[in-house]
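Read off the chains here:
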Amino acid sequence: MKSFAFVFPGQGSQSVGMLDGWGDHPVVAQTLQEASDALGEDVGLLIKEGPKEALALTTNTQPVMLVAGVVAWRVWRAEGGAAPVAVAGHSLGEYSALVAAGVLTLAQAAPLVRLRAAAMQEAVPVGTGAMAAILGMEASKVIAGCAEALASFGPGTVEVVEAVNFNDPIQTVIAGTKAGVDKACEVLKAAGAKRALPLPVSAPFHSSLMKPAAEKLRMALAEVALATPQIPVVNNVDVVVQQDADAIREALYRQAFGPVRWVECVHALKGRGVTHIIECGPGKVLAGLTKRIDPELVGAALFDSATLAETRELLA
């Protein structure tokens, strides 16, 4: 079998009916029941029927994406799929990766991500924060453009804009206050960025404005018992593999207000001998990023019965 890693997507890949492609696989019903019991609501109904607007609320998106990633992972293993060399997750996807690695149970992770989502939403009033994807520009130039935009507000400004998701070599997401992000978009387009796309999100995720949310998360994490990883997890705030429970907690805390270093995560997986990176959960966003980060790597997606068969064939 080829050397492969599983990676788990974050917010943005959710859709109504995203688990329908698994049919009536018993693992799906069992996983949905576990999540529903942990959250005290019918998660399966929310995923199956939506509506789309409810699914797009951060406090719902984070738990449903966690569950969808865990479903794909569990079906793969239930059908005799081998364990990957390593796992990683983009932003929120790291919680799915930790469940796959046995660090957290789904019953522990679901309330944690809901608390994380609610705290992030509360940290910055809706409409005062923003995010934008900067396309067609190297990350170093995006960082410099953010600094230039901030400087334009003068010393002691309350505006914030930072590079927060390093998604591929020429796609970086910025986040901060609305005025800060708007100014940075203007500066970056003038400096040669192909596009600056405002993102339809409700908070400036992974920016320093999320520090209050991270403090709430830190308190919750302190109460959760973490097991030793059974599979190496490359975290996205430090791009390292941690074994120690306190170090894993600390990384999850800092991840809430620190950048997602996805380009480096993919390089780190390749450094472990991985040749195939399989996106485990809805969508194909990470599979696309894999190919743009390193054309030598094979990126594929696992999100229903058909892609399960394709993945098995690809890795054989």
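The structure this text deals with has already been given above.
Here's what I pulled together on the structure shown here.

Reading the values: the criteria
Residues numbered from 1 in each chain as written. Predicted model: local features only at pLDDT ≥ 70, side-chain atom pairs only at ≥ 80, totals over all residues. Heavy atoms only, no water. 1 Å grid on protein atoms, 1.4 Å probe; cavity = no way out; pocket = protein on both sides within 12 Å on 5 of 7 lines; lining within 4 Å. Points joined across faces, edges and corners; volume = space filled by probe spheres on them. Helix = DSSP H or I, 4+ residues; strand = E, 2+ residues; numbered from the N terminus. Nonpolar A, V, L, I, M, F, W, Y, C, P; charged D, E, K, R; others polar. Salt bridge = Lys/Arg side-chain N within 4 Å of Asp/Glu carboxyl O. Buried < 20%, exposed > 50% of the residue type's maximum accessible area, 1.4 Å probe, protein only. Lys, Arg positive; Asp, Glu negative; His and termini not counted. Polar contact = N/O pair within 3.5 Å; in protein donor to acceptor, adjacent residues only side chain to side chain. Core = buried A, V, L, I, M, F, W, Y, C linked by side-chain atoms within 4.5 Å. Contact = heavy atoms within 4.5 Å. Pairing = 2+ DSSP bridges. Axes fitted to C-alpha atoms, helices over the stretch in contact; angles between N-to-C directions.

Brief notes about empty space enclosed by the protein
Here is step 1 of the chain: If you walk through the whole model with that rule in mind, you get 2 cavities of 30 Å³ or more.
Here is step 2 of the chain: A volume near 70 Å³ is recorded for the largest cavity.
Here is step 3 of the chain: Forming the walls of the largest cavity are Glu94, Leu98, Val103, Pro229, Val233, Asn235, Val240, Gln242, Ile248, Ala251 and Leu252.
Here is step 4 of the chain: Counting only elements with at least two residues in the lining of the largest cavity, the list comes to helix H5 (93-100) and helix H10 (245-255).
Here is step 5 of the chain: Broken down by element, the lining of the largest cavity gets its largest block of residues, 3 residues, from H10.
Here is step 6 of the chain: Residue composition of the lining of the largest cavity, grouped by class: 8 nonpolar, 2 polar and 1 charged.
Here is step 7 of the chain: In this structure, the second largest cavity spans a volume of roughly 30 Å³.
Here is step 8 of the chain: In this structure, the second largest cavity is lined by Met18, Leu19, Trp22, Ala68, Gly281, Pro282 and Phe303.

Remarks on unusual backbone geometry
Here is step 1 of the chain: For the peptide bond that leads from glycine 50 to proline 51, omega is 5°, which places it in the cis range.
Here is step 2 of the chain: Note on placement: proline 51 falls in the loop between helix H2 (43-49) and helix H3 (52-55).
Here is step 3 of the chain: Even without being a glycine, valine 239 presents a positive backbone phi close to 60°.
Here is step 4 of the chain: With respect to the helices and strands, the residue valine 239 is situated in the loop between helix H9 (211-222) and H10.

Some remarks on the pattern of salt bridges
Here is step 1 of the chain: All told, the structure shown has 15 salt bridges when counted by the stated rule.
Here is step 2 of the chain: As a salt-bridge pair, glutamate 264 and arginine 261 come within 2.8 Å of each other at their nearest N and O atoms.
Here is step 3 of the chain: Under the relative-accessibility criterion, glutamate 264 is labelled partly exposed at 35%.
Here is step 4 of the chain: Among the ionic contacts, a cluster of salt bridges with common partners joins Glu215, Arg218, Asp238, Glu250 and Arg254.

Let's talk about the side chain of glutamate 94
Here is step 1 of the chain: Relative to the helices and strands, glutamate 94 resides in helix H5.
Here is step 2 of the chain: Of the buried charged residues, glutamate 94 lacks a salt bridge, with arginine 116 as the closest side chain of opposite charge at 8.2 Å.
Here is step 3 of the chain: In this structure the side chain of glutamate 94 is engaged in a polar contact, spanning 2.8 Å, whose partner is the backbone nitrogen of asparagine 236.

Observations regarding the nonpolar core
Here is step 1 of the chain: Of all hydrophobic cores here, the largest spans 72 residues; its most connected members are Phe6, Leu19, Trp22, Leu66 and Leu104.
Here is step 2 of the chain: When residues in this core are grouped by element, the largest group, 11 residues, is from helix H4 (residues 58-78).
Here is step 3 of the chain: Apart from the residues within four sequence positions on either side, leucine 19 is in contact with Val28, Leu32, Ile47, Ala68 and Val71.
Here is step 4 of the chain: Core analysis: the second largest hydrophobic core is formed by 18 residues, Val7, Ala88, Val234 and Val266 among them.

Some points on the sheet that holds strand E8 (residues 298-302)
Here is step 1 of the chain: Taken in spatial order, the 4 strands make up an open sheet running E2-E1-E7-E8, and their pairing is parallel. Both edges of this open sheet fall to strand E2 (86-89) and E8, since each of them pairs with a single strand only. Strand-to-strand, the axes of this sheet are offset by a mean angle of 25°, without reference to chain direction.
Here is step 2 of the chain: In this structure, strand E7 (residues 276-280) lies alongside E8, joined through 5 bridges in parallel fashion. Within E8, the position partnered with isoleucine 278 by the bridge is alanine 300.
Here is step 3 of the chain: Docked against the sheet, H5 engages strand E1 (4-8) and E2, running at close to 155° with respect to E2.
Here is step 4 of the chain: Sitting on the sheet, helix H11 (residues 262-271) touches E1, E2 and E7, and the angle it makes with E2 is about 175°.

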